[in-house]
Amino acid sequence: MATLDKIIEDFSFLDDWEDRYRYVIELGKALPDLPEDKRTLENKVQGCASQVWLVTHASGDPENPVLTFEGDSDAHIVRGLVAIVLAIYSGKPASEIAALDALDVFGKIDLVEHLSSQRANGLRSMIKRIREEARVRAAA
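This text gives an overview of the structure that appears in the document. (Residues numbered from 1 in each chain as written. Predicted model: local features only at pLDDT ≥ 70, side-chain atom pairs only at ≥ 80, totals over all residues. Heavy atoms only, no water.)

1. As for the nonpolar core
Then, number 1: By size, the foremost hydrophobic cluster in this structure holds 42 residues, and its most contacted members are Ile 84, Tyr 89, Phe 106, Leu 111 and Met 126.
Then, number 2: For this core, the secondary structure elements donating two or more residues are α1 (4-13), α2 (17-30), β1 (52-59), β2 (66-73), α3 (76-89), α4 (94-99), α5 (102-108) and α6 (117-139).
Then, number 3: Here the element with the most residues in this core is α3; it accounts for 11 residues.
Then, number 4: Not counting chain neighbours up to four residues away, the residues in contact with Ile 84 comprise Ile 7, Phe 11, Val 24, Leu 27, Phe 106 and Leu 111. (Core = buried A, V, L, I, M, F, W, Y, C linked by side-chain atoms within 4.5 Å. Buried < 20%, exposed > 50% of the residue type's maximum accessible area, 1.4 Å probe, protein only. Helix = DSSP H or I, 4+ residues; strand = E, 2+ residues; numbered from the N terminus. Contact = heavy atoms within 4.5 Å.)

Listed below in structure tokens is the structure:
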């Protein structure tokens, strides 16, 4: 998977929106498939028009664990958005995740304004779920 720095750098070289959408789709294709046994109702993100699944793993300090995420979607562009969200949040301590709004990053790459309202709402739902889970785990 691409790192966040790499994604931001790549977006800076793409002027055409068709090229940017193709890049988002490529990011989604590079995302590892989520095994069928993890595509459960519990892992499904509510509020997304497409099907989106997120799985959280915690390790390290129980009071502020490092969280890593797996994710997938049945839609190509949304799968790419999942890849970007995972690049933003995965591998960080829960307290840092809870304080980090990925929409700021999407604003830097000028992507949110070019998403349909359904995709933007789904993106917000993914971010909200990750941040809420991080808040709960950091407070535990």
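Moving on, there is more to tell.
2. Topic: the packing of α1 against α2
Then, number 1: Their axes nearest at 10 Å, the elements α1 and α2 cross at an angle of 155 degrees. It follows that α1 is roughly antiparallel to α2 by the angle criterion. Seen along the crossing, α1 lies across α2 with a hand that is right-handed. Facing α1, whose interface residues are Lys 6, Ile 7, Asp 10 and Phe 11, α2 presents Arg 20, Tyr 23, Val 24 and Leu 27.
Then, number 2: By residue class, the composition of the contact of α1 with α2 is five nonpolar, no polar and three charged. (Axes fitted to C-alpha atoms, helices over the stretch in contact; angles between N-to-C directions. Parallel < 35°, antiparallel > 145°, perpendicular 65-115°, else oblique. Left-handed = near helix turned anticlockwise from the far one by under 90°. Nonpolar A, V, L, I, M, F, W, Y, C, P; charged D, E, K, R; others polar.)

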